[in-house]
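Per-entry structural report
Here's the letter readout for the chains.
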Amino acid sequence: MTTLAICLVAAVAALHVFFLVLEMFLWTRPLGLKVFRNTPDKAAASAVLAANQGLYNGFLAAGLIWSLLHPNPAVAVQLATFFLGCVIVAGLYGAWSVSRRILYVQAAPAALALLLVWLV
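What comes next is a walk through the structure. Residue indices begin from 1 for each chain and proceed along its sequence in written order. Two thresholds apply to this predicted model, a pLDDT of at least 70 for residue-level local features and 80 or more for giving and counting side-chain atom pairs, whereas whole-chain, interface and lining totals are computed over all residues. Side-chain calculation: all heavy atoms of the structure are included, whereas hydrogens and water are not.

**Some thoughts on the overall build of the chain**
Scanning the chain from N- to C-terminus turns up five helices and zero strands. Along the chain, helices (α) and strands (β) appear in the sequence α-α-α-α-α when read from the amino end. Over its C-alpha atoms the chain spans a radius of gyration of 15 Å, differing by no more than 12% from the 14 Å that the globule rule assigns to 120 residues. Projected onto its principal axes, the C-alpha positions of the chain cover 50 × 25 × 20 Å. Remark: exposure states derive from per-residue accessible area (1.4 Å probe, protein chains only) relative to the maximum for the residue type, with buried under 20%, exposed over 50%, and partly exposed in between. Looking at the chain as a whole, 37% of its 120 residues qualify as buried. For the chain, restricting intrachain contacts to residue pairs at least 6 apart in sequence, the fraction spanning at least 24 positions comes to 59%. Per-residue and other accessible areas were derived by the Shrake-Rupley procedure at a 1.4 Å probe size, with only the shown protein chains allowed to occlude residues. Approximately 7,200 Å² of the chain is accessible, and the part contributed by carbon and sulfur atoms is 73%. Runs of E in the DSSP output that reach at least two residues are strands. Runs of H or I that reach at least four are helices, and both are numbered from the N terminus. This radius of gyration counts C-alpha atoms alone. The globule rule is 2.2 Å times how many residues there are, raised to the power 0.38. Pairs of residues are marked as contacts when any of their non-hydrogen atoms sit within 4.5 Å.

Laid out in structure tokens, this is it:
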């Protein structure tokens, strides 16, 4: 992978670590309420679901980090392709089912990273 591709994969991984923290630990706190435009009551009622969603974002981040650390470049590209594809699908579904801004925050950066990974 090129240096730019590596940087973008790392940025997407970092975003998903941030999503994990927001959804698992800050969902009912002021920052989580603001980011997700929730009321305290709605956040309290959905906290367990958000934590589960955060855990899945952590798995996506772990897979992307694995792709960055794998010693075999061919396997690294395959891992990055798979996990970026998962991020894109999740972002498209989130944009369709929750908010269009998920398309720009989650799917678009992953799609750009995937394009750069493929331009090896």
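There's more to say after this.
**Quick word on the environment of A11**
Structurally, A11 is set in helix α1 (residues 3-25). Taking relative accessible area as the criterion, A11 reaches 36% and is therefore assigned partly exposed. In this structure the C-alpha to C-alpha distance between A11 and V89, which are 78 residues apart in sequence, comes to 18 Å.

**Re the packing of aromatic side chains**
Working definition: rings of Phe, Tyr and Trp (its six-membered ring) pair if their centres are within 6.5 Å, and the pair is stacked with planes under 30 degrees apart, edge-to-face with planes over 60 apart, and tilted otherwise. With the rule as written, the count across this model stands at four aromatic pairs. Each ring, one from W27 and one from F36, has its centre 4.8 Å from the other, and the planes form 40°; the classification is tilted. Take F36: its relative accessible area is 25%, and that puts it in the partly exposed class. Pairing Y56 with F59 gives two aromatic rings, centres 6.1 Å apart and planes at 85°, and the pair type is edge-to-face. Note that Y56 and F59 are positioned in helix α3 (residues 40-69) at a spacing of three residues, about one turn of the helix. On the accessibility criterion, F59 (48% relative accessible area) is partly exposed.

**Let's talk about the nonpolar core**
V12, L64, L84 and V117 are the most contacted members of the largest nonpolar core, which has 19 residues in total. Counting residues per element, the ones that place at least two in this core are α1, α3, α4 (73-97) and α5 (101-118). The dominant element in this core, judged by the number of residues it contributes, is α4, at seven residues. Excluding its chain neighbours within four sequence positions, the residues that come into contact with L64 are V9, V12, A13, A80, F83, L84 and V87. Among the buried residues, those of types Ala, Val, Leu, Ile, Met, Phe, Trp, Tyr and Cys that are joined through side-chain atoms within 4.5 Å form a nonpolar core.

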